[in-house]
Every structure is written in C-alpha cells, then in structure tokens.
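In case you want the letters, here they are:
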Amino acid sequence: MSGRLAATVGDDVVTVADVDARERALRAGDRANALPRVGTSEARQFRRWITQVLVAERVVAAEAGALDVGHDIPPETNPLPDDVARLEIGSVAAGTLAGPAGRAVFARVTAAVTVSDAQVRDYHCRNPFRFGTRTVTTDGWSGAPAGADLEEVRSAIAGHLLAAARRREYRRWLDARCAEVVVLADGYEHPGDPRQPDNTHRH
C-alpha cells in the first residue's frame, strides 16, 4: 500500500508513504491535539491537505532548480510578516515559503509586481486612519488614530500594497503551475474538490 501513488508532479511522484510520513510528523508535533481523529472524514481531508502541501513543495523545488535561484533570498518575515499574511496567501502556499528555495522562487516570480500611485491614493482615501499615529495620554491609554497626510504615509501604504500584491501573484502562479503539472490520485483529491465524498457542507 505504501508504494501507491498519491500524486504525480510532472515526472516526480508523491507516494502514499510520503503522505503517511508527513502525517506522522505532524501528529507527533506540538499541535497534535488540534488534528482530526484518525478514521474520520476530517482526517481524510487532512491527508488531502497534506498532499497539497507535498505537491506544492515539489513544484516550487523544481522551479528553484530550473531557475537556479540561490541569491537574493528574502527572510521569511518578508513575504509573511504576520498571521494575516499567512491567512491571505493560504496555508499551502505559506508552507512553501518556510525554506530558502521557496522564498527565492517567490522573489523571482513576483519581481515584476508593482503598485501605482493611483492605487496608493485610492487606498489612502478609503483608509485615512490606517497608518495614522496614536496619541498616548498621561495615564497610558491610547487615543484614536489620527488621520495622516498622504505624503507622510505614502511609502508605508505603497509597501503594504506591494507586499499584498506580491502574495497574490505568488499564490496565482503556484495555483496555475500546480494545475499544469500535478495529477492527484483517487482519495487524494483537493480538499475543496466537490466531486470527492468528504467535501460536504454540514450545519
């Protein structure tokens, strides 16, 4: 059983044994109590998610090899500065950025992404207090943020928008590349695939 295929990534393969090994590692980790009980529908969905992570890692590793990326590797806090960014990009894509090769691919894939002055101005109009400063009173309480002039916060807004745009582009690239080269075996479909039996909506 362990030699069966869970997925193929071009000429590379992800076996059921690979999925088993990753699941064992996760269940031995410090978040084991939050994982679904073995044998349940949720546990099967968990294994499908693991498969998505494994194939995404293979896709990114292959891209790193093809691009010969080895320089200008950003730290993990660059593409993923906080939990909001991780939620925004998705757990599978975020997982590929844990290693330097993934971050190097991220840097290469998103290098051409830009943000226009119009986008910066529009964001500031819609969120005038987003980068405003807070005043702290003598008793330690923070007051409401004060609106800031666009020129004072232009750089911060541009950086915020550019980082979000780069995460979107990387997620788009990864999804498209996986769609091109990944074939999933029965039982290891995408967790959100409506054709697989565990993708049910319950109240």
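Please refer to the structure higher up on the page.
Residues numbered from 1 in each chain as written. Predicted model: local features only at pLDDT ≥ 70, side-chain atom pairs only at ≥ 80, totals over all residues. Heavy atoms only, no water.

Tell me about the packing of helix H5 (residues 100–109) against helix H7 (residues 150–181), and name the residues and values.
The interhelical angle for the contact between H5 and H7, taken along N-to-C directions, is 105°, at an axis separation of 9 Å. As summarised for this structure, H5 and H7 are arranged roughly perpendicular, according to the angle between their axes. Contacts between H5 and H7 pair Gly102, Val105, Phe106, Ala107 and Val109 from the former with Arg166, Arg167, Glu169, Tyr170 and Trp173 from the latter. Among the residues forming the contact of H5 with H7, the class breakdown is 6 nonpolar, 1 polar and 3 charged. (Axes fitted to C-alpha atoms, helices over the stretch in contact; angles between N-to-C directions. Helix = DSSP H or I, 4+ residues; strand = E, 2+ residues; numbered from the N terminus. Parallel < 35°, antiparallel > 145°, perpendicular 65-115°, else oblique. Contact = heavy atoms within 4.5 Å. Nonpolar A, V, L, I, M, F, W, Y, C, P; charged D, E, K, R; others polar.)

Please give an account of the packing of helix H1 (residues 16–27) against helix H2 (residues 41–67) that cites residues and values.
Following both chains from N to C, one finds H1 and H2 inclined at 110°, their axes separated by 10 Å at the closest point. The angle between H1 and H2 places the two elements in the roughly perpendicular class. Side by side, H1 and H2 meet where Val16, Asp18, Val19, Asp20, Arg22, Glu23, Leu26 and Arg27 of the first sit next to Ala43, Phe46, Arg47, Trp49, Ile50, Thr51, Val53, Leu54, Glu57 and Arg58 of the second. Partitioning the contact of H1 with H2 into residue classes produces 9 nonpolar, 1 polar and 8 charged.

How would you sum up the pairing of strand S1 (residues 5–9)? Please name residues and give values.
Strand residues, when the strand is regular, have side chains that alternate between the two faces of the sheet. Strand direction decides the pairing type here: S1 and strand S2 (residues 12–15), joined by 4 bridges, are antiparallel. In the strand pairing of S2, valine 9 is matched with aspartate 12. Counted between consecutive antiparallel strands, the loop separating S1 from S2 contains 2 residues, among which glycine 10 sits at a positive phi close to 65°. (Pairing = 2+ DSSP bridges.)

Account for the side chain of glutamine 45, with residues named and values stated.
Looking at the element boundaries, glutamine 45 is found in helix H2. Judged by relative accessible area, glutamine 45 falls into the buried class, the value being 17%. Here arginine 48 takes part through its side chain, which lies 3.1 Å from a polar atom of the side chain of glutamine 45. (Buried < 20%, exposed > 50% of the residue type's maximum accessible area, 1.4 Å probe, protein only. Polar contact = N/O pair within 3.5 Å; in protein donor to acceptor, adjacent residues only side chain to side chain.)

Can you lay out the pattern of salt bridges for me, pointing to particular residues and giving the numbers?
Any two side chains of opposite charge can pair if their charged atoms end up close together. Under the criterion given, the structure shown has 17 salt bridges. The partner of arginine 167 in a salt bridge is glutamate 88, and the shortest N-O contact between them spans 2.5 Å. With arginine 167 in helix H7 and glutamate 88 in helix H3 (residues 83–89), this residue pair connects regions lying 79 residues apart in the sequence. With a relative accessible area of 7%, arginine 167 lands in the buried category. Overall, glutamate 88 belongs to the partly exposed group, its relative accessible area being 39%. In this structure, aspartate 175 and arginine 171 form a salt bridge, with 3.1 Å as the shortest nitrogen-oxygen distance. Of this pair, aspartate 175 and arginine 171 both sit in helix H7, 4 residues apart, roughly one helical turn. Overall, the relative accessible area of 33% leaves arginine 171 in the partly exposed class. Shared partners join several salt bridges into a network, and the residues in it are Asp20, Glu23, Arg27 and Arg47. (Salt bridge = Lys/Arg side-chain N within 4 Å of Asp/Glu carboxyl O.)

So what about the packing of aromatic side chains? Which residues, and what values?
Working definition: an aromatic ring pair is given by the centre-to-centre distance plus the angle between the planes. The full count for this structure, using the stated rule, is 3 aromatic pairs. For the ring pair phenylalanine 46 and tryptophan 49, a centre distance of 6.0 Å and an interplane angle of 10° mean the geometry is stacked. Taken together, the residues span about one helical turn, with phenylalanine 46 and tryptophan 49 both in helix H2 at a distance of 3 residues. Grouped by ring-pair contacts, the aromatic residues Phe106, Tyr170 and Trp173 constitute a single cluster. (Phe/Tyr/Trp six-rings, centres within 6.5 Å; stacked < 30°, edge-to-face > 60°.)

Lay out the sheet that holds S2 with the relevant residues and their values.
Pairing is antiparallel across the open sheet formed by 3 strands, whose spatial order is S2-S1-S3. Of all the strands in the sheet, the pair left with one neighbour each is S2 and strand S3 (182–184). Between one strand and the next, the sheet's axes are offset by a mean angle of 20°, whatever the strand orientation. Along the sheet, H1 makes contact with S1 and S2, crossing S2 at roughly 55°. The strands touched by H7 are S1 and S3; relative to S3, the strand with the most contacts, the crossing angle is about 65°.

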